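Structure assessment
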Amino acid sequence: MDSIIIQGGGELQGQIPIAGAKNACLTLMPATLLSEEPLTLTNVPRLSDIATMSQLLQSLGAEVSSLADGQVVAMSSHGADNPVADYEIVRKMRASNLVLGPLLARHGRAVVSLPGGCAIGARPMDLHIHGLEALGAKIELKDGYLHADAPKGLKGARIALRFASVGATENIMMAASLAKGTTELVNAAREPEIVDLANCLRAMGAEIEGAGSGTITIEGVDRLHGATHPVIADRIELGTYMLAPVIAGGEVELLGGRIGLLESFCEKLDEAGISVSETKNGLRVSCKNGRVRAVNVKTGVFPGFPTDLQAQMMALLCTADGESVLEETIFENRFMHAPELIRMGAQIDVQGGTATVTGVERLKGAPVMATDLRASVSLILAALAAEGETVVSRVYHLDRGYERVEEKLGACGARIERVKT
Ligand code: UD1
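Residues numbered from 1 in each chain as written. Predicted model: local features only at pLDDT ≥ 70, side-chain atom pairs only at ≥ 80, totals over all residues. Heavy atoms only, no water.

1. Concerning the sheet that holds strand β10 (residues 158–160)
- Spatially, 4 strands are ordered β10-β11-β13-β12 in an open sheet, and the strand pairing comes out mixed. Strand pairing shows two members of the sheet lacking a second neighbour, β10 and β12 (207–209), which therefore form its edges. Neighbour-to-neighbour, the strand axes of the sheet open up by a mean angle of 15°, direction not taken into account.
- Contacting β10, β11 (182–186), β12 and β13 (215–219), helix α6 (residues 166–177) crosses the sheet at an angle of about 25° to β13. (Pairing = 2+ DSSP bridges. Helix = DSSP H or I, 4+ residues; strand = E, 2+ residues; numbered from the N terminus. Axes fitted to C-alpha atoms, helices over the stretch in contact; angles between N-to-C directions. Contact = heavy atoms within 4.5 Å.)

2. With respect to the pattern of salt bridges
- One pass over the full model with this rule turns up 22 salt bridges.
- We note a salt bridge from Lys420 to Asp2, for which the minimum N-O separation is 3.3 Å. Here Asp2 lies in strand β1 (residues 2–7) and Lys420 lies in strand β24 (residues 415–420), a separation of 418 residues in the sequence.
- Judged by relative accessible area, which is 16%, Asp2 ranks as buried.
- As a salt-bridge pair, Glu403 and Arg46 come within 3.3 Å of each other at their nearest N and O atoms. Highlighted residues: Glu403 in the loop between α13 (396–401) and α14 (405–410) and Arg46 in the loop between β3 (39–42) and α2 (48–59), separated in sequence by 357 residues.
- When its relative accessible area of 23% is taken as the criterion, Arg46 is described as partly exposed.
- Through salt bridges with shared partners, a single ionic network connects Arg46, Asp69, Glu237, Glu403, Arg404 and Lys408. (Salt bridge = Lys/Arg side-chain N within 4 Å of Asp/Glu carboxyl O. Buried < 20%, exposed > 50% of the residue type's maximum accessible area, 1.4 Å probe, protein only.)

3. Points about unusual backbone geometry
- Looking along the chain, the bond that leaves Phe302 and enters Pro303 is cis, with omega of 15°.
- In this fold, Pro303 is placed in the loop between β18 (297–298) and α10 (310–317).
- A positive phi is found at Asn43, a non-glycine position, where the angle reads about 60°.
- One can find Asn43 in the loop between β3 and α2.
- On the accessibility criterion, Asn43 (32% relative accessible area) is partly exposed.
- One non-glycine residue with positive phi stands out, namely Arg404, at about 50°.
- Relative to the helices and strands, Arg404 is located in the loop between α13 and α14.

4. A few points about the site of the ligand
- In the region of the ligand, 19 residues are neighbours, and Asp126, Leu127, Ser165, Asp308 and Ile330 sit closest.
- One of the side-chain N or O atoms of Asn23 is found 3.0 Å from an oxygen atom in the ligand.
- Arg94 has a polar side-chain atom sitting 3.1 Å from an oxygen atom of the ligand.
- Relative to its unbound accessible surface of 740 Å², the ligand loses 87% to contact with the protein.
- Within the residue set of the shell around the ligand, elements represented by two or more residues are α5 (126–134) and α6.
- With 3 residues, the top contributor of residues to the shell around the ligand is α5. (Near = heavy atom within 4 Å. Polar contact = N/O pair within 3.5 Å; in protein donor to acceptor, adjacent residues only side chain to side chain. Areas by Shrake-Rupley, 256 points an atom, 1.4 Å probe, with all protein chains shown as cover.)

5. Remarks on the domain arrangement of the protein chain
- For the protein chain, the assigned domains are domain 1 (2–19 + 233–420) and domain 2 (22–230).
- Its C-alpha centre places domain 1 at a distance of 31 Å from the equivalent point of domain 2.
- Facing the 24 residues of domain 1 at the interface are 21 residues of domain 2.
- Looking only at domain 1, the three residues that lose the most surface to domain 2 are Phe302, Arg400 and Glu403, adding up to 30% of its buried area.
- Taken together, the links from domain 1 to domain 2 amount to 4 salt bridges.
- At the junction of domain 1 and domain 2, the tally comes to 7 residue pairs in polar contact (both at pLDDT 80 or more).
- Mapped by element, the contributors of at least two residues to the side of domain 1 that touches domain 2 are α12 (373–385) and α13.
- For the side of domain 1 that touches domain 2, the element with the highest residue contribution is α13, accounting for 3 residues.
- In terms of residue class, the side of domain 1 that touches domain 2 is built from 10 nonpolar, 3 polar and 11 charged. (Domains from an automatic or database assignment. Buried area = accessible area lost by both parts, 1.4 Å probe. Nonpolar A, V, L, I, M, F, W, Y, C, P; charged D, E, K, R; others polar.)

6. A word on the nonpolar core
- Grouped together as the largest cluster of nonpolar side chains are 76 residues, with contacts concentrated most on Met29, Leu41, Leu57, Val99, Leu135, Met173 and Leu201.
- It is α6 that provides the largest number of residues to this core, a total of 6 residues.
- With sequence-adjacent residues up to four places away left out, Leu135 is seen in contact with Leu154, Lys155, Gly156, Ala157, Ile159, Ile172, Ala175, Ala176 and Thr183.
- Formed by 71 residues, the second largest nonpolar core is a distinct cluster that contains Val292, Ala315, Leu326 and Val360. (Core = buried A, V, L, I, M, F, W, Y, C linked by side-chain atoms within 4.5 Å.)

And the structure:
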């Protein structure tokens, strides 16, 4: 199992290229199941989650090839004949549940293992089920698997989600693309990844309006055709690396970044006294004025502050001047990085969904453990400015969502290396 060792101190200077969005790619890949013709994605990030999704699609009978050093994924579902998504693959990654809608639309039948709990919370699938049942599917839970049937095909409907779930919106959008008639999805998620999925489905011939707003209208079509689609930039990777020069000091240009992907996050940075400017090729972030100001952060659905940047923001606020309150509203158990940051000298008090962080002058290096994807990168960020050495173990979590983290930070002067332990 790999660990990452960081020697803290030292400013960052340079450029970091932002990869394609993991979360967009994980919903774009299952869209291949909706068509007999090939779907090719470009600007694909090289991550273990993408490899897991490739493995899942192959198990369903799709052909998946990785080209251009992993940055292009060419898929064909012409021969995809297996509607069963096996527990052994699904349990590795919750996003595997995004094959449910496409399989159902394609075969009139899908058998998909429930993903099980994950470290950050229970994460049920009731909204996915409710939406697909509204489209006419019959869904039963047997032996840990969702058995979904729609032998006569799916039929458009009006669906109002009780919560704007990203995954449920994606599954419903994909299934409704091949349903008969019109689907109106109310209280839909508005994340940029939803807009990217709609753009790709439209390139495949789907009729979708309103993606990015709270109401999405999908006019079902008989068939979808092939397409080539570039994956949007990863706003979470962008936000993560925007914090690196703020924590470590220095100035970094994030290639491919734009403020529009992260407005609420950029507003918080502004409130904390951090300067972000747009450049020809992306965004520049610099920190030259010492400690940042403490700020309060409440996560929310898009366009709110992303839950996937809460751990990284906490790493920053550990050394801010004053007391910050972070409120997590999306997942019930997403402060597992707090005890690890406390091992590095942070002052954090967690009460339920709220963490109060009292900034200290400086953190100290320590052996720490990654508990989930975003938690692991928050420890790396904290370590950049901590005194001495930090060893982050269990970095397989990190490899799920950050490509070549040690190369990207190392190129800007961070003293960071990966070791096999
Ligand atoms: C996606 C992202 C994840 C991000 C999250 C919130 C992917 C692959 N993952 O996850 O990185 O943190 O959005 O921005 O895109 N819920 C239910 N019932 C459901 C579905 C969800 O109660 O049927 C709850 C969940 O338990 C959670 C909340 O809704 O508390 C948000 O979940 P959702 O928006 O569905 O997140 P994901 O699509 O799983």
